[in-house]
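Report on the structure
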Amino acid sequence: MAANAEGLRRDARLEQLRLFGLCSPALLLVLVILVIPVGWLFWLSFVGADGTFSLENYERMIASKSYSRIFVTTIEVSLLTTGLCIMIGYPLAYFLSQLPPRVANLCMITVLLPFWTSLLVRTYAWLVLLQRQGLLNDWGISLGLWEEPVALVHNMTGTLIGMVHIMLPFLVLPVYGSMKAIDRDYMKAAANLGAHPVRAFWTVFAPLSLPGLMAGALIVFVLCLGFFVTPAVLGGGKVIMVSMRIATNIEMFVNWGAASALGVVLLVLTLAILWAASRFLGLDRIAGAA
Amino acid sequence: MSWLSAPASETQVTHGQRLWLYILSGVIMLLLVAPTLIVIPMSFSDSQYLEFPPEIWSTRWYQHYFGSPEWMAATFTSLKAAFLTMLVATPLGVLAAYGLHVSRFPFARAVFVLMITPMMAPVILVAVGAFYVYAKAGLLYTMASLVMSHSVLALPLVVIVTGSALKSFDMNLEMAARSLGAPRWKAFLTVTLPQIRFAVITGALLSFLTSFDEVVVAMFISGGDNATLTRNMFNALRDQIDPTIASISTVMIVLTSLLMAVAQVFGAARGGPKGDR
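Just so you know, these numbers come straight off a predicted model, no measurement behind them. (Residues numbered from 1 in each chain as written. Chains lettered and ligands numbered in written order. Predicted model: local features only at pLDDT ≥ 70, side-chain atom pairs only at ≥ 80, totals over all residues. Heavy atoms only, no water.)

1. Description of the nonpolar core
Grouped together as the largest cluster of nonpolar side chains are 189 residues, with contacts concentrated most on L96(A), M115(B) and F220(B). Every residue in contact with M115(B), bar those within four places of it in the chain, is listed here: C23(A), A26(A), L27(A), V30(A), A96(B), L155(B), P156(B) and V159(B). (Core = buried A, V, L, I, M, F, W, Y, C linked by side-chain atoms within 4.5 Å. Buried < 20%, exposed > 50% of the residue type's maximum accessible area, 1.4 Å probe, protein only. Contact = heavy atoms within 4.5 Å.)

Encoded structure:
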């Protein structure tokens, strides 16, 4: 009997291992294409100009004014984008969650269409609309809002407009999901107990939608930190984010050490935020929100 | 206006009191869609400076796009890379999602986290890392290296979409098939897979789009004969506003809308984010 049970257990363990083996091709791909190269960059970031171990790449990052400015810009842009997305996206998600399902699905297309459209195409569209001879300047002047063409692009304004437009669906979708999951009877109960609709919203509905909002805001912030294409095209060289500096370090200065150090800091920052958030929100919610 | 004074919610707020929300949301939805769609009529303008509405309509920028061997080669490269990425990422992702779902291996959680990292990690890091390794291995500017990198970016989407479909699938059905004598692979192919096929199709479409729209990785590791469409578009955008881009954008919008419609037909079109930021 005992030998039999032992054998069954061994078979079960073997079966588990074999099932787990199904993950191995995907795992191998991620290891070879992502983990090993990034590990290599990690190593390179500790190699100085003379080829020996040194911390000079990190020391330079702390000492140099231009690097600290890049980090400040990156965080500033990310925070502003996240804040604007919350201000615009939360009311929209609330509106969508209150609609009858059929209408909501129809309106949802306006969120999903940009979500699926190429990021480059959307960035290009904003470039065309916001430029000096662009549509917005034409309209602004013909309506008498301003006299001369205003610089709407190739600066911080253009970058923010483009980034908020691109990030908005990432916020709206999880917030909408969490709002749909709220039991409508709670609001009825609040009204029944005499709460004014505004009070019922802020004390019952808003707190219940908070986890979705947190998850959405987190995704937006983290994605913003690593943004490249939109600030590169709409920022016109005036908005330099960390990832853009990494690219210049390699393409123009061929300085792998400096680029790797920046990359490591960016990655550590991203992972730290995700890790901290997963302690509060749970990983599934974040992955599901995305 | 009886509609305005009719209650709109459980708390008896009327539609009239909510009018501000309706107007605000309408404006936001318009702003979400309009900038992209306005490129379509603009691309048919004859002018060098894209006008709206165009004073003289013409297809000159389309002729320029379809007549240019460089743009055509880049388009073909992008389509090929996207198709191959779909073929690599979908089966690997489905296998992994299934493996993670059925095995109670202690490290399953860590493996899942590792597999969805490419979605969260800054793309520039994926690009630069791949550039370094491919350069050492002499694989730079090849189709194979591009497809491998894009597959890593697409993998998390397939794993997440398939994984969530498996969560709502009743595994007892597969058990039943196996108790009737079907080997595991056969039970999966004939019972489980047909049940989760919509998620698999969505995952495949997302993989295709992830690769097709990807810019940053392509910028570093594609080039020469294997330069992708987005790479060339990005380079053209940096120099000046080339109206040809408007015609290419229109073609891409049409392609995306078609894929989205296909996904809608096959169920939920909601998936993860694009690999590219």
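This is not the end of the story, as more comes after the structure.
2. Overview of the interface of chain B and chain A
Taken together, the contact pairs 98 residues of chain B with 87 residues of chain A. At the boundary of chain B with chain A, total buried surface from both sides reaches about 8,600 Å², with 81% on carbon and sulfur atoms. Here chain B is connected to chain A by two salt bridges. Measuring nitrogen to oxygen at the nearest pair gives 2.7 Å for the salt bridge that ties E15(A) to R184(B). At the junction of chain B and chain A, the tally comes to five residue pairs in polar contact (both at pLDDT 80 or more). Considered class by class, the residues forming the side of chain B that touches chain A number 67 nonpolar, 17 polar and 14 charged. (Buried area = accessible area lost by both parts, 1.4 Å probe. Salt bridge = Lys/Arg side-chain N within 4 Å of Asp/Glu carboxyl O. Polar contact = N/O pair within 3.5 Å; in protein donor to acceptor, adjacent residues only side chain to side chain. Nonpolar A, V, L, I, M, F, W, Y, C, P; charged D, E, K, R; others polar.)

3. Looking at the layout of surface pockets
In this structure, the second largest pocket spans a volume of roughly 620 Å³. Around the second largest pocket sit 27 residues that line it, and Y94(A), P197(A), F201(A), R18(B) and W20(B) are the ones nearest its centre. Counting only elements with at least two residues in the lining of the second largest pocket, the list comes to helix 4 (65-98), helix 8 (156-180), helix 9 (184-192) and helix 10 (197-225) of chain A together with helix 2 (19-37) of chain B. For the lining of the second largest pocket, the leading source of residues is helix 10 of chain A, giving seven residues. (1 Å grid on protein atoms, 1.4 Å probe; cavity = no way out; pocket = protein on both sides within 12 Å on 5 of 7 lines; lining within 4 Å. Points joined across faces, edges and corners; volume = space filled by probe spheres on them. Helix = DSSP H or I, 4+ residues; strand = E, 2+ residues; numbered from the N terminus.)

4. Let's talk about the pattern of salt bridges
Counted according to the given criterion, the structure contains seven salt bridges over all chains. Residues E15(A) and R18(A) are paired through a salt bridge, measuring 3.2 Å at the closest nitrogen-oxygen approach. Of this pair, E15(A) and R18(A) both sit in helix 1 (residues 2-20), three residues apart, which is roughly one turn of that helix. Ionic pairing is found between E174(B) and R184(B), a salt bridge with its closest N-O pair at 3.9 Å. With E174(B) in helix 9 (residues 171-179) and R184(B) in helix 10 (residues 184-195), this pair connects stretches of sequence that are ten residues apart. Residue classification places E174(B) among the buried residues on the basis of a relative accessible area of 1%. Relative accessible area serves as the criterion here: at 21%, R184(B) is assigned to the partly exposed category. Linked through salt bridges whose partners overlap, the residues forming this network are E15(A), R18(A), E174(B), R178(B) and R184(B).

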